[in-house]
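Each chain, letter by letter, is given below.
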Amino acid sequence: MSKKLKVTQVKSIIDRPKDQKRTIEALGLGRPRKVKVHNDTPQIRGMVNKVQHLVTVEEIEE
């Protein structure tokens with residue numbers, strides 16, 4: 001079974017540094033309460049770690 005990460009944006013990116021805005025966009029998010037499911041890879045984990053104060057993460061088994 002592969003693991004997936006359900007990433008939900010909980011805070012706005014207004015008045016955030018450009019690198020955080022670009023990371024949120026690369027995750028497929030962009031506005032609060034938007035949800036995206038990604039494969040659990042080190043790259044995605046690193047991106048989520050960078051913006052952990054703006055998102056919540058749930059692990060999903062598929």
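Before reading on, note that the structure itself is shown above.
I will try to describe carefully the structure that is included in this document. Worth saying up front: this structure is predicted, and the values here are computed from it rather than measured.

**Let's talk about the overall build of the protein**
Phase 1: Each helix and strand counted, the protein has 2 helices and 3 strands in total.
Phase 2: The helix and strand sequence of the protein, counted from the amino end, reads β-α-β-α-β.
Phase 3: Taking the principal axes of the C-alpha coordinates as reference, the protein spans close to 40 × 20 × 15 Å.
Phase 4: In the protein, which comprises 62 residues, the proportion classed as buried is 27%.
Phase 5: A fraction of 73% describes how many contacts in the protein between residues 6 or more apart in sequence connect residues 24 or more apart.
Phase 6: Summed over all atoms, the accessible surface of the protein reaches about 4300 Å², with 47% contributed by carbon and sulfur.

**Observations concerning the nonpolar core**
Phase 1: Of all hydrophobic cores here, the largest spans 11 residues; its members are L5, V7, I13, I24, L27, L29, I44, V48, V51, L54 and V55.
Phase 2: Those elements giving two or more residues to this core turn out to be β1 (3-9) and α2 (42-50).
Phase 3: Sequence-distant contacts of L27, defined by excluding residues within four places in its chain, comprise K36, H38, I44, M47, V48 and V51.

**Focus on the environment of I24**
Phase 1: With respect to the helices and strands, the residue I24 is situated in helix α1 (residues 18-26).
Phase 2: Sequence-wise, I24 and M47 are 23 residues apart; in three dimensions their C-alpha atoms are separated by 8.2 Å.

**So, the pairing of β1**
Phase 1: For β1, the buried fraction is high: 5 of the 7 residues fall into the buried class.
Phase 2: In terms of strand pairing, β1 meets strand β3 (residues 55-61) through 7 bridges, oriented antiparallel. What sits directly across from L5, in β3, is E59.
Phase 3: Both β1 and strand β2 (residues 35-39) contribute to a ladder of 5 bridges, which runs antiparallel.

The rules behind the values
- Residues numbered from 1 in each chain as written.
- Predicted model: local features only at pLDDT ≥ 70, side-chain atom pairs only at ≥ 80, totals over all residues.
- Heavy atoms only, no water.
- Helix = DSSP H or I, 4+ residues; strand = E, 2+ residues; numbered from the N terminus.
- Buried < 20%, exposed > 50% of the residue type's maximum accessible area, 1.4 Å probe, protein only.
- Contact = heavy atoms within 4.5 Å.
- Areas by Shrake-Rupley, 256 points an atom, 1.4 Å probe, with all protein chains shown as cover.
- Core = buried A, V, L, I, M, F, W, Y, C linked by side-chain atoms within 4.5 Å.
- Pairing = 2+ DSSP bridges.

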